[in-house]
Amino acid sequence: MLHSFSETVQSFLLILALSTCFTAALDLQAKVEKLEKDYDKIKEHLEAKIIVLETKVSLLEAKVEKQDSLLAVLKKGHKPLKDNVDINEHRRHNATLRTCHEIHVANPSYPSGMYWIDPDGQGIGDPPIHVHCAMEEVENNWYQPGTTSMLHDSESKMDIGNCTEPGCYSRQIKYYASDRQIEALIQLSQNCAQNIVFFCKKSPLNYNGIAYAWWNDKDGKRHEFSNWLSTCDKLSDTELIDHVPGIIRDKRLPYTRFHFSNPFKGSGQHQVSRLRCHGKAKTEAMPASCEDLWRMGHTLNGIYSVRGAKQMETVFCQFDKRPNEQGFQKWIGYVDVKSLPTYFYVRKNTAFNRMNVAIPFEVEKVNVGNAMDLKAGIFTAPRDGIYFFSFNGLASSGPTKETAYSGVGLFLNAIQVGRTWLHEADVTSNHDRPLTLQLTLKLKANDRVWLEITGMAETSFLYDNHHGHNHFTGFMLDEEIANSP
């Protein structure tokens, strides 16, 4: 019996030992998996730190190189020392410019390097940002002199790890600038571009209709690579490079996050380029909005005149906001601006009774803009706009047993658009009556306007002498400034 008890104890101890070993193995496996995850996080963190340190080192190297060159010039007593001092003084005492393009235009001799710029305007919005400016033209390259490069924390190769679920690897792109400054730079530039390179080995972006990778735009919206031809989708056993096409001058810029996965236990690394912008966004010669004024360089809040759809308008521009922010532009009203002021007043000093011809005038009192040809009696509109015309005349008639009548019409390009008329029966003595006519017309440039006698009895006529009884007046009320040359 003692022997049987001993065997039972031994069996129990054996089972306990095996259970302990199995539990230890499970704990060990969990610890290994945790270490792998911690390793990936630490690696990403260290890679980001390396980028920051590399940027600082490049800045220090640039400063050292500059100081060495200044020292060399100082030893030689050469003139370029003064030029460098002038450059530094200009940067110190003058406004911080908004883009590398503006810096290059201000002084094309500035070298490539790190510069401070303030896209959203000096003294307003967010603080200036430190960017790289490419000042030299590179042959067969997209870059132009004055190209701005926006630095971020994912410029080196980043490993996507070994997770297998679609998009399980996620990397946020952190730029060394605020969203507001980045948006302002894009709006100020003619073109902006950014691309990504993916180094892959059996790591697809898309496979069998499944999207294993995608990216997020500035608003966080997801975009897949499914519409882009991907070399990596071939699942090659050798490492391939997929140059995913960049997006240019796109409202989705910049890239803010990338998602990848490694479903077939291959390998993958991504490398995101800097956001690069060059040139100056096109603006009309005559600003039509606060945004146009902002692009031109205006930064002071205030009331401005801009070109509206048809005429000049007054707006309040709040430049410490961005064009897409509420309150950036507030419409106030219209401005009475005329590119060519036009108004006239002419009159006759002789009687007239010829029908169906333009009534000529002999006396010119006012003719600003010289649009009225008084001898021909024809007004020619100099600009598109709204015009007002007024005629006051004196119709006279001798004694007649017939009905005495007189009529005067206003003509636009040979078409009658208005008329004044009077008649009276049994006129036994000389008789005078006034004729009046007022019209407001919408005219195009070079439209012609004149007066004609449209009807008149044999004994009737327009009476006049040196006192002047027949008056013709016209002026531009509003100009459609948008159509003006």
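That block above? That's the structure.
We now turn to the structure provided with this report.

About the thresholds
Sequence order sets the numbering: in each chain, residues are counted from 1 along the sequence as written. Only residues with pLDDT of at least 70 are given local features in this predicted model, and only at 80 or more are side-chain atom pairs given and counted; all residues enter the totals for whole chains, interfaces and linings. With hydrogens and water stripped out, all remaining heavy atoms of the structure feed into the side-chain values. Definition used for salt bridges: Asp or Glu carboxyl oxygen within 4 Å of a side-chain nitrogen of Lys or Arg. Under the DSSP-based scheme used, a helix requires at least four consecutive residues in state H or I and a strand at least two consecutive residues in state E, with every element numbered from the N terminus. Think of it in three bands: residues with accessible area under 20% of the maximum for their type are buried, residues over 50% are exposed, and the middle band is partly exposed, with areas taken using a 1.4 Å probe on protein chains only. Strand pairing is assigned whenever DSSP detects at least two bridges linking the two strands. Structural elements are reduced to axes, namely lines fitted to C-alpha atoms, with helices fitted over the stretch in contact, and the angle between N-to-C directions of any two is expressed from 0 to 180 degrees. By nonpolar core we mean a set of buried residues, namely Ala, Val, Leu, Ile, Met, Phe, Trp, Tyr and Cys, connected to one another through side-chain atoms within 4.5 Å. For this analysis, residues touch if any pair of their heavy atoms sits within 4.5 Å. We call a pair of cysteine sulfur atoms a disulfide whenever their separation is within 2.5 Å.

## Side note on the pattern of salt bridges
Moving on, step 1. Evaluation of the coordinates by the stated rule reveals 12 salt bridges.
Moving on, step 2. The partner of glutamate 291 in a salt bridge is arginine 295, with the nearest N and O atoms 2.6 Å apart. Of the two residues, glutamate 291 and arginine 295 are both situated in helix H5 (residues 290–296); the distance of 4 residues between them amounts to about one turn of the helix.
Moving on, step 3. Residue classification places arginine 295 among the buried positions, given a relative accessible area of 12%.
Moving on, step 4. Residues glutamate 479 and arginine 383 are paired through a salt bridge, measuring 3.8 Å at the closest nitrogen-oxygen approach. Here glutamate 479 is found in strand E28 (residues 471–479), whereas its partner arginine 383 is found in the loop between strand E21 (378–380) and strand E22 (385–397), with 96 residues between them in sequence. The same class applies to glutamate 479 and to arginine 383, which are both buried.
Moving on, step 5. Among the ionic contacts, a cluster of salt bridges with common partners joins Asp120, Arg180 and Glu325.

## Observations regarding the sheet that holds strand E5 (residues 169–172)
Moving on, step 1. Here we have 4 strands laid out as an open sheet, ordered E5-E12-E9-E10, and antiparallel in their pairing. Whereas interior strands pair on both sides, the edge strands pair on one side only; in this sheet they are E5 and strand E10 (222–224). Here the average twist between neighbouring strands, direction ignored, is 20°.
Moving on, step 2. Here 3 bridges tie strand E9 (residues 214–216) to E10, and the two strands are oriented antiparallel to one another.

## Section: the nonpolar core
Note that soluble globular proteins tend to have their nonpolar side chains buried in a common cluster.
Moving on, step 1. Judged by nonpolar contacts, the single largest core of 35 residues is most densely connected at Met150, Phe258, Phe260 and Leu275.
Moving on, step 2. Contributing elements (two or more residues each) for this core: helix H3 (100–106), strand E1 (113–117), strand E2 (129–134), helix H4 (179–188), strand E6 (191–201), strand E12 (257–260) and strand E14 (275–278).
Moving on, step 3. With 4 residues, E6 is the largest single contributor of residues to this core.
Moving on, step 4. Each residue touching leucine 275, except ones within four places of it in the same chain, is listed here: Thr148, Ser149, Met150, Ile182, Ile186, Cys192, Ala193, Gln194, Leu253 and Pro254.
Moving on, step 5. Counting 30 residues, the second-largest nonpolar core is a separate cluster that includes Phe379, Ala395, Ile453 and Met456.

## Description of the state of the cysteines
Moving on, step 1. Here the structure, examined in full by the defined rule, presents 5 disulfides.
Moving on, step 2. Put simply, cysteine 100 and cysteine 133 are joined by a disulfide, and their sulfur atoms are 1.9 Å apart. Negative torsions about the S-S bond denote left-handed disulfides, and the value of about -70° found for cysteine 100 with cysteine 133 makes this one left-handed. Taken as a pair, cysteine 100 in helix H3 and cysteine 133 in strand E2 lie far apart in primary sequence, 33 residues in all.
Moving on, step 3. Using a relative accessible area of 0% as the deciding quantity, one classes cysteine 100 as buried.
Moving on, step 4. Each sulfur of the disulfide joining cysteine 200 and cysteine 232 lies 1.9 Å from the other. Linking cysteine 200 and cysteine 232, the disulfide has an S-S dihedral of approximately -95° and is accordingly described as left-handed. Placement of the pair is cysteine 200 in strand E6 and cysteine 232 in the loop between E10 and strand E11 (240–248), with a sequence separation of 32 residues.

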